[in-house]
Amino acid sequence: MISKKTFGTLAIALILMTTIGTAAGDDQRDWPKIVEAVGASITMYQPQIDSWEGNIFEARAAVSVVKAAGDEPVFGAIWITGHFETNKATRVVRFYEVSIPAARFPDAKEEQQQKLIDILEEEMDDWVYEVDLDRLLPSLDLAAHEDARDAALKHDPPKIIFKDKPAMLVLIDGEPKFQEIEDTKVQRVVNTPYVMVKYKKDFFLATDKLWFETRDITGSWKQTSNLPKEVAKINEQLKKQREEQPVPQGEDEPKLDTRIPEIVVSTVPAELIFIDGEPELEPIEGNDILEVSNTDSDVIFDITSQNYYVLLSGRWYQSKNLGEGPWEWVPNDEVPGSFLEIPADSDIGYLKASIAGTDESKEAMLEQSIPQTAAVKRGSATSKVEYDGEPKFEPIEGTGLTYGVNTASSVVFAENQYYWCEQGVWYVSPRATGPWVVCETIPDSIYTIPPSNPLYNVTYVKVYQATPEVIYVGYTPGYTGSYVSHSCVVYGTGYYYRPWYTPYYYYPRPSTWGFHVRYNPWYGWGFGLSYSTGPFHLTIGWGGYGGYPRYGGWWGPAYYRPYPMPYGAGYRAGYRAGYYHGRHHGSNRPVHYGGGNTININNNIYNRPVNRDRVVSSRDQAGQRPAVARDRANNVYTDRSGNVYRRNTDGSWDRRKDGGWSTTDRTPSRGDSSRPSAKPTTPSTRPATPSTRPTSPSTRPSTRPATPSTRPASPSTRPSTRPSSPSTRPSTGTLNRDYNARQRGSTRSSQMSSRPSSSSRSMSRPSTGARPSPARRR
């Protein structure tokens, strides 16, 4: 054990350091790091994470020190532990309260080890405590980490609507509910996020350029320019709101399809898939699956089974017949083996994130285990909980808890206290109406709330630590609707939650369906609100028009409305701009994809304006930043015993021993890889043209509820990854896994750093505006 606390505090900064905003030509995301200190040259290799739970980490790293030019380097290993805070929007991890409980330098004698420690103490007083999240992410798969629990979700398919001409899906949360607009004879439909009104016997729907009307709300709609005077007033108000709000910056809008879309209204959970004419089936190289290319949705045909597959909110559904169904849920870990063979660099390579066993799906699940953290000031809440009348609480099934139903807030009654989760922060009060103060402990019973309850997402918000000044909190992606099921990430619980509605209040609940939610490995979840033709965008929200700002007005993807949103705030959400014929929306490259809006699951809720006064900003990390040692490879590792190894270009390993490198007595296994094994071979002959006959869905067992995860404990003074007795026979399998994770992290870091910034990217894909060529029948 190293007794000097300062050594731990100083050395960790170099080990876990990377920079943001470096000198030109020096990418500080690279490893190893080097510093020319007085009397020594110190090199640190990329750390290997051993444990990552709650906001506590443990790791080890190989180091080398050269005390004078021409000397042989002295190699060793150090163990580190401490707390971390993450900013998933910037992809940076910052470490604090760090210590090094152990170190081992096999090359050095005992008195030499202390001299090495003294050098580190003297020279590393101001190193920066930051690291690139994406470089670390793949290595977490090898560490003890708090797994994203496999939630007991609902997977019944929504109503799947296919159209072969441009169409827009408009969802209404059950039968339409009406509220008169002040000083008019117009009634608004309050249980839809879109601007839909009723005047006398007719309904009117607004887009940013056109209005549509109908007598039957679920029937046929037609374009209209002849608005009644009362409705025309609303149109003028909406125009004014659009002119006043800022225009998103991004690429120039391309020439778009100008066909007028069909309006499709559904009062039940639904998804709309537009295929422009007959399906055009394009082969995927080296595979027996075909991509439907003339759609902006994810539609695949499997030659072997003769089934179509669609991907909706991260869930797979299959059917023999596209237009008629029926559709059957297929768990992500039971899709055809040929799906694993989809080339990662193909136009549909992004789908691998929704196929269990792939690197992409594993990393997506690791993202689920990483919390977004913040330090919150103690004290009272700056906002309050509003109820429709007196607070009304109902039981949460399977628990001893109750929750507020006549409010838009997430309030739970547990252990004789009221707990309110707001913007990723827990508050507590002895009364349902407050006053509220930031909470430092949460009853374990709250984490037993099941997915069948609309407050399930709050079980992903935790309290980690408390000090006299601040409370450390965090949330994982489950809080924003991203869950794990069958070894993949999916969006939404799949449950339908009944909203609260009275003549004066409408409180919507989270929804899984109808917003064309899809996952991209570079940006996370995005939503396109189902297909529409090019220039037309449905208008979402009212901006308080009509004097009723207390309506929720949005019941779609959780936490992705502009905040705050008093019945809409005049939000303009674009439906996808139409598929780009010849290029699928989800290109494997980190480019603009999928139309509409970014759900921004990786955005930081704690950075929102409403949180700025309550969140304590991390202190500026000014100080020295070690350079990248470009004359040496990032190929040195340490095992859990503190032995140091070097990986050679041929895949073999050398061990550092007696001041030199010696070949290990084991050779790496050629089969040791993190990638999934190949599935059954595909047939040599292609079956006939896809059949259109539907098949009845088979019965699938329901998933079993997962055991609730426990809250992270405070860090131990003795890390679980202390060095074990020195080993003379290294485990090259473990070393190879460390190597594969490091390589994967390097690639991922480069890809993430080269993606367009969130402020400039547009979620609409380019479109030529040209009609696709005639469908090729197969």
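Preceding this section is the structure that the text describes.
Residues numbered from 1 in each chain as written. Predicted model: local features only at pLDDT ≥ 70, side-chain atom pairs only at ≥ 80, totals over all residues. Heavy atoms only, no water.

Caption draft 1: Spatial organisation of the sheet that holds strand β26 (residues 393–395). Strand order in the open sheet made by the 6 strands is β26-β27-β28-β29-β30-β31, with antiparallel pairing throughout. Every interior strand has two partners, whereas the edge strands, β26 and β31 (437–438), have only one. Bridge count for β26 against strand β27 (residues 402–404) is 3 bridges, and the pairing is antiparallel. Within β27, the residue paired with Phe-393 across the bridge is Gly-404. (Pairing = 2+ DSSP bridges. Helix = DSSP H or I, 4+ residues; strand = E, 2+ residues; numbered from the N terminus.)

Caption draft 2: Structural view of helix α5 (residues 359–369). With 9 of 11 residues buried, α5 lies mostly within the body of the structure. Of all the residues in α5, the buried ones are Asp-359, Glu-360, Ser-361, Glu-363, Ala-364, Leu-366, Glu-367, Gln-368 and Ser-369. (Buried < 20%, exposed > 50% of the residue type's maximum accessible area, 1.4 Å probe, protein only.)

Caption draft 3: Molecular detail of unusual backbone geometry. Following Gly-325, the chain continues into Pro-326 via a peptide bond in cis, with omega recorded as 0°. Within the secondary structure layout, Pro-326 lies in the loop between β23 (315–319) and β24 (328–330). Here the amide bond leading from Gly-434 into Pro-435 is cis, since omega sits at 10°, within 30 degrees of zero. One can find Pro-435 in the loop between β30 (425–429) and β31. For Asp-183, which is not glycine, the phi dihedral falls at a positive 65°. Among the secondary structure elements, Asp-183 is positioned in the loop between β11 (178–180) and β12 (186–189).

Caption draft 4: Structural view of the environment of Asn-604. If you trace the backbone, Asn-604 turns up in the loop between β40 (597–598) and β41 (615–616). Since its relative accessible area comes to 9%, Asn-604 is described here as buried. Between the C-alpha atoms of Asn-604 and Thr-90, which are 514 residues apart in sequence, the distance is 8.8 Å. Polar side-chain contacts of Asn-604 include one of 2.9 Å to the backbone nitrogen of Tyr-606. (Polar contact = N/O pair within 3.5 Å; in protein donor to acceptor, adjacent residues only side chain to side chain.)

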